[in-house]
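Chains, contacts and geometry: an overview
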Amino acid sequence: MNISQLKYSDLRKLLDQGQLTCVDIVKYYLSQIEAQNSKLNAFLEVYASEALEKAEQIDLKFQAGTAGELAGLVIGIKDLLCFEDHHSYAGSKILHSFKSTFSATAVQRLLDQDAIVIGRQNCDEFGMGSTNENSAFGPVLNFKNTAHVAGGSSGGSAVAVQANMCHISLGTDTGGSIRMPAAFCGVMGLKPTYGRVSRWGLIAYASSFDTIGPMARHVDDLALVLKYIAGADGQDSTVISMSEFSDKKPSSGKRIAYIKEMAEHPSLQADIKIAFFERLEQLKTKGYEIIPVDFPFVDALLPTYYILTTAEASSNLSRFDGVKFGHRTSVATKDLLDMYKKTRDEAFGEEVKRRIMLGTFVLSADYYDAYYTKAQKVRRLIKEFTQGLLVENDFLVSPTTSATAYRLGEKTLDPLQMYLGDLFTVQANVAGLPAISIPMGEDTQSMPMGFQIMADVFQEEAMLNLAKELV
């Protein structure tokens, strides 16, 4: 039996009937990790003995009839998420030896339902990257073809699901970091509405963009995990109560829009463009009305995103100074400031340094109004225009990425080319809207392609139902 191909609901039936045990499930995934991880580099740390011990405890709960709603669900967590008494490095040397004293809310809520964490997963350093080549612990390789990248920043999370090393992964999405690797790896990735899932315990990159979400093989599993990780949390004041939107009717229409400027973008790979329009035709046969729309801010999406996220990163990452936790330089220093400089120079990677410098520049007194303030104004325009489109239409769809998984090293010499890869995904983060990437077949080189669906705030259920029709 291939456990990894089953939806959790089917797996749960086997567990309830006694045809399978949690120990069986954990041993299966540990065997997959042992067989695959050394060549893929998806997991940075595997909690083998701990996971087996937890599985034994949950099996006893099954016998007693007290097992949680997610009992036996094996999950991996991105290295940006805190897990009590376990290392959390954020893919960076600067957090070397750091152990968290608490668990992220999203992680804890899954643990409370008897899910089993099997390990922490590789990612771009502090979530900064689109290829998972910026990790201090080496790149994650695509299971489909190891000459290609996994996508980032949640590359380890995507590959772990792709290579059957866990049932579910928890990733984070700042500008497409769940959806891009999901598309590159042929799995599903959900970015919830900003503020639906608590960010408590997420090591921050850009606080007004960061979102925690699941990656899986099945739509039902995404919906199930979202059900438990979402909701109010006293530790995060940005979590929005769904009651604030109680007057908003759930999407039930048949109007799907696509942005013409994206569907015809010169960077769009021919195979993806063909597959995308074939998918639109498929939707027409299901009774959906397909509407091309104009979006005047396409060229402003990436500049707005990178100005604001680098500004927030330069502030968020100032806490990593070698004083309280993590790496501290062993080189002799003349004063405290010199220690700060040497520590950060030694332990931050090139991409992190680049974004800190960009963010510090746009926040400087001489350029604050010219860049940061203008970017905030444009962000509001993008959000209002996008939500206006979603008043007239039920969903916005697009390819998830303009190309399939890049070859290893292809984008590292020119960071600008890596940034351009985020074009189709950043809109959801800038506007704070939910989005999902689902598989859309393979290109002529047999690499996975992704189809992206975006909806209005808190319309995840309708969005997931549409995704279900397409897979």
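Residues numbered from 1 in each chain as written. Predicted model: local features only at pLDDT ≥ 70, side-chain atom pairs only at ≥ 80, totals over all residues. Heavy atoms only, no water.

Some thoughts on the overall build of the chain
We apply this condition: Here a strand is any run of E in DSSP of at least two residues, a helix any run of H or I of at least four, and the numbering for each starts at the N terminus. The globule rule used for comparison is 2.2 Å times the number of residues to the exponent 0.38, while the radius of gyration itself is calculated over C-alpha atoms. Should any heavy atoms of two residues lie within 4.5 Å, those residues are counted as being in contact. For accessible areas, the Shrake-Rupley method is used with a probe of radius 1.4 Å. Any residue's cover is judged against the shown protein chains and nothing else. Positive charges are assigned to Lys and Arg, negative charges to Asp and Glu, while His and the chain termini are left out of the count. Note that the charge is assigned to NZ on lysines, CZ on arginines, CG on aspartates and CD on glutamates.
Regarding its fold elements, the chain presents 16 helices and 11 strands. Compactness check: the chain gives a C-alpha radius of gyration of 21 Å against a globular reference of 23 Å for 471 residues, within 12% of the reference. C-alpha atoms of the chain, sized along the principal axes, occupy 70 × 65 × 45 Å. Restricting to contacts in the chain with at least 6 residues of sequence separation, those with at least 24 account for 75%. Here the chain displays about 18,400 Å² of accessible surface, and carbon together with sulfur accounts for 52% of that area. Each charge class in the chain was averaged separately, 46 positive and 56 negative side chains, and the resulting centres sit 1 Å apart.

Considering the sheet that holds strand β1 (residues 43–46)
Inclusion rule: A strand pair is defined by DSSP finding two or more bridges across the two strands. Axes here mean lines fitted to C-alpha atoms, for a helix over just the part in contact, with angles spanning 0 to 180 degrees between N-to-C directions.
Taken in spatial order, the 11 strands make up an open sheet running β1-β3-β2-β4-β6-β5-β10-β11-β9-β7-β8, and their pairing is mixed. The sheet is open, and its two edges are formed by β1 and β8 (289–293), each paired on a single side. Adjacent strand axes in the sheet meet at a mean angle of 30°, parallel and antiparallel pairs treated alike. Looking at chain direction, strand β2 (residues 74–78) and strand β3 (residues 116–121) are connected through five bridges and run parallel. Within the sheet, the bridge partner assigned to I75 lies in β3 and is V117. Across the sheet, helix α2 (residues 22–40) touches β1, β2 and β3, and the angle it forms with β3 is around 15°.

Brief notes about the environment of T101
Assignment of secondary structure puts T101 in the loop between β2 and α4 (105–112). Along the primary structure T101 and L433 are separated by 332 residues, whereas in three dimensions their C-alpha atoms are 31 Å apart.

Considerations on a nonpolar patch on the surface
Note the threshold: Think of a patch as exposed residues, more than 30% relative accessible area, with no salt bridge, where like charges cluster within 9 Å and nonpolar side chains (Val, Leu, Ile, Met, Phe, Trp, Tyr) cluster within 5 Å. The rule for a salt bridge is simple: a side-chain nitrogen of Lys or Arg has to be within 4 Å of a carboxyl oxygen of Asp or Glu. Partly exposed residues are those whose accessible area sits between 20% and 50% of the maximum for their type, while under 20% is buried and over 50% is exposed, using a 1.4 Å probe and protein chains only.
A cluster of nonpolar side chains, namely F361, Y367 and Y371, defines an oily patch on the protein surface of about 270 Å² accessible area. By relative accessible area, F361 is classed as partly exposed at 37%.

Observations regarding the pairing of strand β10 (residues 435–442)
As defined by bridge partners, strand β5 (residues 188–191) adjoins β10 across three bridges and the pair is classed as antiparallel. Among the inter-strand pairings, K191 is bridged to a residue of β10, identified as A435. By the bridge criterion, six bridges tie β10 to strand β11 (residues 448–454) in an arrangement that is antiparallel. Its bridge partner being in β11, S437 is matched across the sheet by Q452.

Quick look at the pattern of salt bridges
Two side chains with opposite charge may pair up if their charged atoms get near one another. Applying the stated criterion to the full structure yields 21 salt bridges. Note that E460 and R196 form a salt bridge whose closest N and O atoms lie 2.6 Å from each other. Of this pair, E460 sits in helix α16 (residues 460–470) while R196 is found in the loop between β5 and β6 (211–216), placing the two residues 264 residues apart along the sequence. For the pair E460 and R196, a shared accessibility class is recorded, and that class is buried. One network of salt bridges, with partners in common, ties together K7, D220 and K468.

What to know about the packing of aromatic side chains
For clarity, the cut-off: Between rings of Phe, Tyr and Trp, where Trp is taken as its six-membered ring, a pair exists when centres lie within 6.5 Å; planes separated by under 30 degrees are stacked, by over 60 edge-to-face, and by other angles tilted.
Counting across every chain of the model gives 23 aromatic pairs. Considering the side-chain rings of Y28 and Y29, the 5.1 Å spacing of their centres and the 75° angle between planes classify their relative orientation as edge-to-face. Among the residues examined, Y28 registers a relative accessible area of 17% and is labelled buried. Owing to a relative accessible area of 0%, Y29 belongs among the buried residues under this scheme. On the basis of an interplanar angle of 80° and a centroid distance of 6.1 Å, the ring pair of Y258 and F276 is categorised as edge-to-face. In this pair, Y258 is assigned in strand β7 (residues 255–259) and F276 in helix α9 (residues 270–285), connecting sequence segments 18 residues apart.

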